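# A structural walkthrough
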Amino acid sequence: MNQNELKKAAAMAALDFIQDDAIVGVGTGSTVAYFIEGLGNIKHKVQGAVSSSEDSTNKLKALGIEVFELNNVDSLDIYVDGADEITAHKHMIKGGGAALTREKIVAAVAKTFVCVVDQSKQVDVLGQFPLPVEVIPMARSYVARELVKLGGDPVWRQGVVTDNGNVILDVHNLTILNPVELEGQINQIAGVVTNGLFARRGADIVLVAGAGGVKQL
Ligand code: 5RP
């Protein structure tokens, strides 16, 4: 199977975790795009979704799935999303699709975070994938200087404006041995909205698709 087929296999496996009448938290990205397609096939079974990006909202609505405002939902049983890197501790780097802030908010509300990945996303140590940081535009240069002090090489993701009107710095050359600590440190920098480390609230269930099928961690 190629990588897209593996992404699809992991995404389809997440459908088994959707309970009747659920409101489903939906992430962003190419793996989640397969999940949304699958959700379309069982849309009669669910109330609808809470979305983590304009892109996913458009895909959900195109399939006739109702999209609820997070503020109008008291609780979410499940959030399904992909990752750019994930460890055995279920800590992740996310934000390759620039949707990290809304993803982190929806994940915070959800009781269960189901992460869907192909096996190429599994790593021993986070940081090979540049860490995305969402930044208020006027703080871009200041935040970049602070990120250099933390040992990274930030690169402005040119031409990208997030759904929240902000910019992304991708931080290269980090070897992230303590993701819980670094997540907090970066979020303390004035002007940072959030960073793509999902360690304080990691995944609960990981569905990894590989040559031997989909494994649950
Ligand atoms: C978007 C994300 C995605 O989950 C992450 O980039 C993985 O994407 P893909 O499923 O396309 O590989 O965090 O902000």
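The structure contained in this document is the topic of the report that follows. (Residues numbered from 1 in each chain as written. Predicted model: local features only at pLDDT ≥ 70, side-chain atom pairs only at ≥ 80, totals over all residues. Heavy atoms only, no water.)

All right, on to the packing of aromatic side chains then. By the definition in use, this model includes 1 aromatic pair. Ring geometry for Tyr79 and Phe113: centres 5.0 Å apart, planes at 80°, overall edge-to-face. Of this pair, Tyr79 sits in strand S3 (residues 76–81) while Phe113 sits in strand S6 (residues 110–118), and the two are 34 residues apart along the sequence. Classification of Phe113 as buried rests on a relative accessible area of 0%. Lying over the aromatic face of Phe198, Lys104 brings its terminal NZ or CZ to 5.1 Å of the ring centre. (Phe/Tyr/Trp six-rings, centres within 6.5 Å; stacked < 30°, edge-to-face > 60°. Helix = DSSP H or I, 4+ residues; strand = E, 2+ residues; numbered from the N terminus. Buried < 20%, exposed > 50% of the residue type's maximum accessible area, 1.4 Å probe, protein only. Lys NZ or Arg CZ within 6 Å of the ring centre and 35° of its normal.)

Another aspect to go through is the site of the ligand. Around the ligand sit 17 residues, and of these Ser30, Thr31, Asp84, Gly95 and Lys121 come closest. The separation between an oxygen atom of the ligand and a polar side-chain atom of Lys94 is 2.8 Å. Glu103 is positioned with one of its side-chain polar atoms (N or O) 3.1 Å from an oxygen atom of the ligand. Considered on its own, the ligand offers 380 Å² of accessible surface; in the complex 92% of this is hidden by protein. (Near = heavy atom within 4 Å. Polar contact = N/O pair within 3.5 Å; in protein donor to acceptor, adjacent residues only side chain to side chain. Areas by Shrake-Rupley, 256 points an atom, 1.4 Å probe, with all protein chains shown as cover.)

With that settled, consider the layout of surface pockets. By volume, the largest pocket amounts to about 320 Å³. Contributing to the lining of the largest pocket are 15 residues, with Ser51, Phe68, Glu69, Leu70 and Arg102 lying nearest its centre. For the lining of the largest pocket, the secondary-structure elements that each account for two or more residues are strand S2 (48–51), helix H3 (54–62) and helix H4 (100–109). In terms of residue class, the lining of the largest pocket is built from 6 nonpolar, 5 polar and 4 charged. Of the voids in this model, the second largest pocket is the one considered here, and its volume is about 180 Å³. (1 Å grid on protein atoms, 1.4 Å probe; cavity = no way out; pocket = protein on both sides within 12 Å on 5 of 7 lines; lining within 4 Å. Points joined across faces, edges and corners; volume = space filled by probe spheres on them. Nonpolar A, V, L, I, M, F, W, Y, C, P; charged D, E, K, R; others polar.)

Positioned with a positive phi, Lys90 is a non-glycine residue whose angle comes to about 65°. With respect to the secondary-structure elements, Lys90 resides in the loop between strand S4 (85–86) and strand S5 (92–93). Even without being glycine, Asn173 reaches a positive phi, approximately 60°. On the secondary structure map, Asn173 appears in the loop between strand S9 (167–172) and helix H6 (179–187). You can call Asn173 exposed: its relative accessible area is 57%.

The residue Glu103 is located in helix H4 in this model. Beyond its immediate chain neighbours, meaning those up to four positions away, Glu103 contacts Thr28, Ser52, Tyr79, Asp81, Lys94, Gly95 and Phe198. (Contact = heavy atoms within 4.5 Å.)

The next point concerns a nonpolar patch on the surface. A grouping of Ile136, Met138 and Val193 is seen on the molecular surface, where their side chains present a nonpolar patch of about 310 Å² in accessible area. In this structure, Ile136 sits in the loop between strand S7 (131–135) and helix H5 (140–149). (Patch = residues over 30% accessible without salt bridge, like charges linked within 9 Å, V, L, I, M, F, W, Y side chains within 5 Å. Salt bridge = Lys/Arg side-chain N within 4 Å of Asp/Glu carboxyl O.)

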